Amino acid sequence: MAIVDVVVIPVGTEGPSVSKYIAEIQTKLESYKAEGKIDYQLTPMNTLIEGDLKDLLEVVQVIHELPFDKGLDRVCTNIRIDDRRDKSRKMNEKLDSVNKHLKGDQ
């Protein structure tokens, strides 16, 4: 299972706020989650999406296109992929592992 850290940056919006574009992206992600293809987590600075790499790349393309569908002429999308193949770990399990170290449990 892979994790993608993605930031979609709509350029040329009517003002500095992009929250309506991000909300639409989250709605699209929820539909993929309902299909059982991904899980995701919105943070103040990005969105983390986990699933099969093939599905993740499809999802990234779809959410990159959403601001264009709203009439924008430019979108910048940054992605970072964590694809570990020796273990299958979910986002929360990675956090649990770090928390064990913080508590002194190893």
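Predicted, not measured: the structure shown is a model, and the values here were computed from it.

Asks: What is the right way to look at the overall build of the protein chain in this model?
Replies: Counting its regular elements, the protein chain contains three helices and four strands. In the protein chain, the succession of helices and strands from N to C terminus is β-α-β-β-α-β-α. Expressed as lengths along the three principal axes of its C-alpha atoms, the size of the protein chain is roughly 50 × 25 × 20 Å. Total accessible area computed for the protein chain in this model is approximately 7,100 Å², and 51% of it derives from carbon and sulfur atoms.

Asks: I keep staring at the UniProt feature "domain: Thiamine-binding protein" (unreviewed entry) in the protein chain and nothing clicks. Help me out?
Replies: According to UniProt, the "domain: Thiamine-binding protein" (unreviewed entry) feature falls on residues 4–98. Spanning residues 4–98, this segment combines 43% helix with 29% strand, and its end C-alpha atoms are found 19 Å apart.

Asks: Help me out: how do you make sense of a nonpolar patch on the surface in this one?
Replies: A cluster of nonpolar side chains, namely Leu 57, Ile 79 and Ile 81, defines an oily patch on the protein surface of about 250 Å² accessible area. With respect to the helices and strands, Ile 81 occurs in strand 4 (residues 74–83).

Asks: I tried to follow the pattern of salt bridges on my own but got confused; where do I start?
Replies: A pair can form between side chains of opposite charge whenever their charged atoms are brought close. Throughout the structure, instances matching the rule amount to eight salt bridges. Taking the shortest distance from any N to any O, the salt bridge between Lys 20 and Glu 14 comes out at 3.0 Å. Of the two residues, Lys 20 and Glu 14, neither departs from the other in class, the shared state being exposed. Put simply, Asp 86 and Arg 84 hold a salt bridge, and the shortest N to O gap is 2.5 Å.

Asks: Mind showing me how you'd approach the sheet that holds strand 4 here?
Replies: Through backbone hydrogen bonds, the strands of a sheet pair up, either in parallel or in antiparallel fashion. A sheet is described by the order of its strands in space; here four strands give the open sequence 2-3-1-4, paired in antiparallel fashion. Two strands lie at the open edges of the sheet, namely strand 2 (38–42) and strand 4, each paired on one side alone. Ignoring which end each strand starts from, the neighbouring axes of this sheet average 20 degrees apart. Summarising the sheet, strand 2 and strand 3 (residues 47–51) pair through five bridges and their orientation is antiparallel. Across the sheet, the residue bridging to Asp 39 is Glu 50, located in strand 3. Where helix 3 (residues 91–102) meets the sheet, its contacts fall on strand 1 (2–11), strand 2, strand 3 and strand 4, and the angle it forms with strand 2 comes to roughly 55 degrees.

Asks: Sorry if this is basic, but what is going on with the side chain of Thr 47 here?
Replies: In this structure, Thr 47 sits in strand 3. In this structure Thr 47 comes out as buried when scored by relative accessible area, which is 6%. A polar contact is formed between the side chain of Thr 47 and the side chain of Gln 26, at a distance of 3.1 Å. Excluding its chain neighbours within four sequence positions, the residues that come into contact with Thr 47 are Val 4, Asp 5, Val 6, Gln 26, Leu 29, Tyr 40, Gln 41 and Leu 42.

Asks: Explain helix 2 (residues 53–69) to me, please; I cannot follow it from the model alone.
Replies: Side chains of residues three or four places apart in an α-helix project in the same direction, reflecting 3.6 residues per turn. Helix length check: helix 2, at 17 residues, gives a terminal C-alpha distance of 25 Å against a target of 24 Å (1.5 Å per residue), a fit within 8%. For helix 2, the full list of buried residues reads Asp 55, Leu 56, Val 59, Val 60, Ile 63, Leu 66 and Pro 67. Take helix 2 and look down its axis: the buried residues cluster within an arc of 140 degrees, on one side only. Structural note: helix 2 exposes Lys 54, Gln 61 and Asp 69 on the side pointing more than 90 degrees away from its buried face. Elements that come into contact with the buried residues of helix 2 comprise strand 1, helix 1 (19–34), strand 2, strand 3 and strand 4. One or two positions beyond helix 2, positive phi appears at Gly 71, with a value near 100 degrees.

What counts, and where the lines are drawn
- Residues numbered from 1 in each chain as written.
- Predicted model: local features only at pLDDT ≥ 70, side-chain atom pairs only at ≥ 80, totals over all residues.
- Heavy atoms only, no water.
- Helix = DSSP H or I, 4+ residues; strand = E, 2+ residues; numbered from the N terminus.
- Areas by Shrake-Rupley, 256 points an atom, 1.4 Å probe, with all protein chains shown as cover.
- UniProt positions renumbered as here; feature names shortened; annotations may be inferred.
- Patch = residues over 30% accessible without salt bridge, like charges linked within 9 Å, V, L, I, M, F, W, Y side chains within 5 Å.
- Salt bridge = Lys/Arg side-chain N within 4 Å of Asp/Glu carboxyl O.
- Buried < 20%, exposed > 50% of the residue type's maximum accessible area, 1.4 Å probe, protein only.
- Pairing = 2+ DSSP bridges.
- Axes fitted to C-alpha atoms, helices over the stretch in contact; angles between N-to-C directions.
- Contact = heavy atoms within 4.5 Å.
- Polar contact = N/O pair within 3.5 Å; in protein donor to acceptor, adjacent residues only side chain to side chain.
- Expected span 1.5 Å × (residues − 1).
- Arc of directions from axis to C-beta.

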